[in-house]
Amino acid sequence: MSTLILVKHSLPQIEPEVPANQWRLSEEGQRRVQVLAQKLAQYELDLIFSSIEPKAIETAHIVAAALEKQVEIVEDLHEHDRRNVGFLEKQRFEASIAQFFAQPDVLTLGNETANQAYHRFSRTVVGITEEYADKNVALITHGTVLTLFVN
């Protein structure tokens, strides 16, 4: 029986002047991925997929190196598209995300509604799981789209 493991990237280095989709991992985030890799070893992964964003790619590559696997980068595993939104302080960001989830068909934040992001992401996950139905797969991606997918 195959296994699908959904993983949110590790802790990024928050840089308010840099768009979030370009953030890389913090030093603590890099350390935490080593622990993650040890935990993922038990699943005997065949394939590791990553979104196109640097923090996910870094997470995936650290895991892949520890497990001696390759990483495939997949376009539509990226986070909810918020490229047009600058840095938001924590309280404002959380309020915006709450509204995003509360009104899934309304464009409240970024360039995609919650439902648009869900459909893009879920279509990609289903495609991967169907294509590799006999494989143990890990997807390294992002918190908002993962939350949309599992809820």
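So, here's what we can say about the structure.

What counts as what
- Residues numbered from 1 in each chain as written.
- Predicted model: local features only at pLDDT ≥ 70, side-chain atom pairs only at ≥ 80, totals over all residues.
- Heavy atoms only, no water.
- Axes fitted to C-alpha atoms, helices over the stretch in contact; angles between N-to-C directions.
- Helix = DSSP H or I, 4+ residues; strand = E, 2+ residues; numbered from the N terminus.
- Parallel < 35°, antiparallel > 145°, perpendicular 65-115°, else oblique.
- Left-handed = near helix turned anticlockwise from the far one by under 90°.
- Contact = heavy atoms within 4.5 Å.
- Buried < 20%, exposed > 50% of the residue type's maximum accessible area, 1.4 Å probe, protein only.
- Phe/Tyr/Trp six-rings, centres within 6.5 Å; stacked < 30°, edge-to-face > 60°.

It is the contact of helix α1 (residues 27-40) with helix α2 (residues 54-67), at a shortest axis distance of 9 Å, that shows an interaxial angle of 50 degrees. Taken together, the axis directions place α1 and α2 in an arrangement best described as oblique. The way α1 lies across α2 gives a crossing that is right-handed. Here α1 contributes Gln30, Val33, Gln34, Leu36, Ala37 and Leu40 to the contact with α2, which in turn contributes Glu58, Thr59, Ile62, Val63, Ala66 and Leu67.

Here Phe149 lies in helix α5 (residues 143-150). Assessed through its relative accessible area of 23%, Phe149 is described here as partly exposed. For Phe149 and Arg82, which are 67 residues apart along the polypeptide, the C-alpha to C-alpha distance reads 18 Å. With sequence-adjacent residues up to four places away left out, Phe149 is seen in contact with Leu6, Tyr118, Phe121, Ser122 and Val125.

Turning next to the packing of helix α3 (residues 90-102) against α5. Between α3 and α5, whose axes approach to 12 Å, the crossing angle comes to 30 degrees. Relative to α5, the element α3 is oriented roughly parallel. Regarding α3 and α5, the two cross each other, and that crossing is right-handed. Residues Ile97, Phe100 and Phe101 of α3 touch α5, and the partners they reach there are Thr144, Thr147 and Leu148.

Evaluated as defined, the whole model comprises four aromatic pairs. Ring plane angle 45 degrees and centroid distance 5.6 Å describe the contact between Phe49 and Tyr132, whose orientation is recorded as tilted. Separated by 83 residues along the polypeptide, Phe49 in strand β2 (residues 47-50) and Tyr132 in the loop between α4 (114-131) and β4 (137-141) bring together distant segments of the chain. Taking relative accessible area as the criterion, Phe49 reaches 2% and is therefore assigned buried. A ring pair is formed by Phe100 and Phe101, whose centres lie 5.3 Å apart and whose planes are at 85 degrees; its orientation type is edge-to-face. Take Phe101: its relative accessible area is 31%, and that puts it in the partly exposed class.

Purely spatial values, then, with no claim about function.
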